[in-house]
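Structural overview
Here is how the chains run, residue by residue.
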Amino acid sequence: MPKIRIKVDEDLCIGAASCVTITPETFQLNEDNKAYVLDKGQEPGGRTFERWVEVTEDEKDTIILSAQSCPTLAVFIFDEEGNQLFPDM
Ligand code: SF4
């Protein structure tokens, strides 16, 4: 399965929670209303704003959709080669 790196810019995140609504297994809000990144609902290594996650193609598409839903474009997605998949460069 491909791996992607998911990163939330906590300074850009305004806690709108669209990402949480679409992919709650990948994003949850912390006590400061900032979205942190989970690995299929788990938090190995603790809460973090940036994480490598193994995904199916379908899961990858849904996570990108989730990033697209963010009103402040606070979610960044990279592939294994380090290319930014979203937002489009
Ligand atoms: S959609 Fe964007 S602003 Fe809203 S919680 Fe997620 S990352 Fe933060």
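Here the residue numbers are simple positions, counted from 1 along each chain's written sequence. Selection of residues for local features in this predicted model requires a pLDDT of at least 70, selection of side-chain atom pairs for listing and counting requires 80 or more, and totals for whole chains, interfaces and linings are taken over all residues.

We call a residue near a molecule or strand if the C-beta atom, set from the backbone, is within 6 Å of it. Not every one of the 14 residues close to the ligand is listed here, only the nearest: Cys13, Ala16, Cys19, Ala35 and Cys70. Classifying every residue of the shell around the ligand gives 11 nonpolar, 3 polar and no charged. Amino acid classes used here: Ala, Val, Leu, Ile, Met, Phe, Trp, Tyr, Cys and Pro are nonpolar; Asp, Glu, Lys and Arg are charged; the rest, including Gly, are polar.

Another point: the environment of cysteine 13. Note on conventions: DSSP H or I runs of at least 4 residues are helices, E runs of at least 2 residues are strands, and numbering of each starts at the N terminus. Mapped onto the secondary structure, cysteine 13 falls in the loop between β1 (3-8) and α1 (18-22). Each C-alpha atom of the pair cysteine 13 and phenylalanine 86 lies 15 Å from the other, and the pair is 73 residues apart in sequence. By the convention adopted here, residues make contact when the C-beta atoms placed from their backbones lie within 7 Å. In this structure cysteine 13 touches Val8, Lys34, Ala35, Thr72 and Ala74, once residues within four positions along its chain are discounted.

A few words now on the environment of proline 71. For proline 71, the position within the fold is in the loop between α2 (57-68) and β5 (75-78). For the pair proline 71 and glutamate 25, spaced 46 residues apart in sequence, the C-alpha separation works out to 20 Å.

Across the sheet, which stays open at both edges, the 4 strands sit in the order β4-β1-β5-β6 with antiparallel pairing between neighbours. Both outer strands of the open sheet, β4 (50-54) and β6 (84-86), are each paired with one neighbouring strand and no more. Between one strand and the next, the sheet's axes are offset by a mean angle of 30 degrees, whatever the strand orientation. Any two strands are treated as partners once DSSP identifies two or more bridges connecting them. The pairing of β1 with β4 spans 5 bridges and is classified as antiparallel. Residue pairing for β4: lysine 3 is matched across the bridge by glutamate 54. Across the sheet, α2 touches β1, β5 and β6, and the angle it forms with β5 is around 150 degrees. Geometry is summarised by axes, namely lines fitted to C-alpha atoms with helices restricted to the contacting stretch, and by angles between N-to-C directions that run from 0 to 180 degrees.

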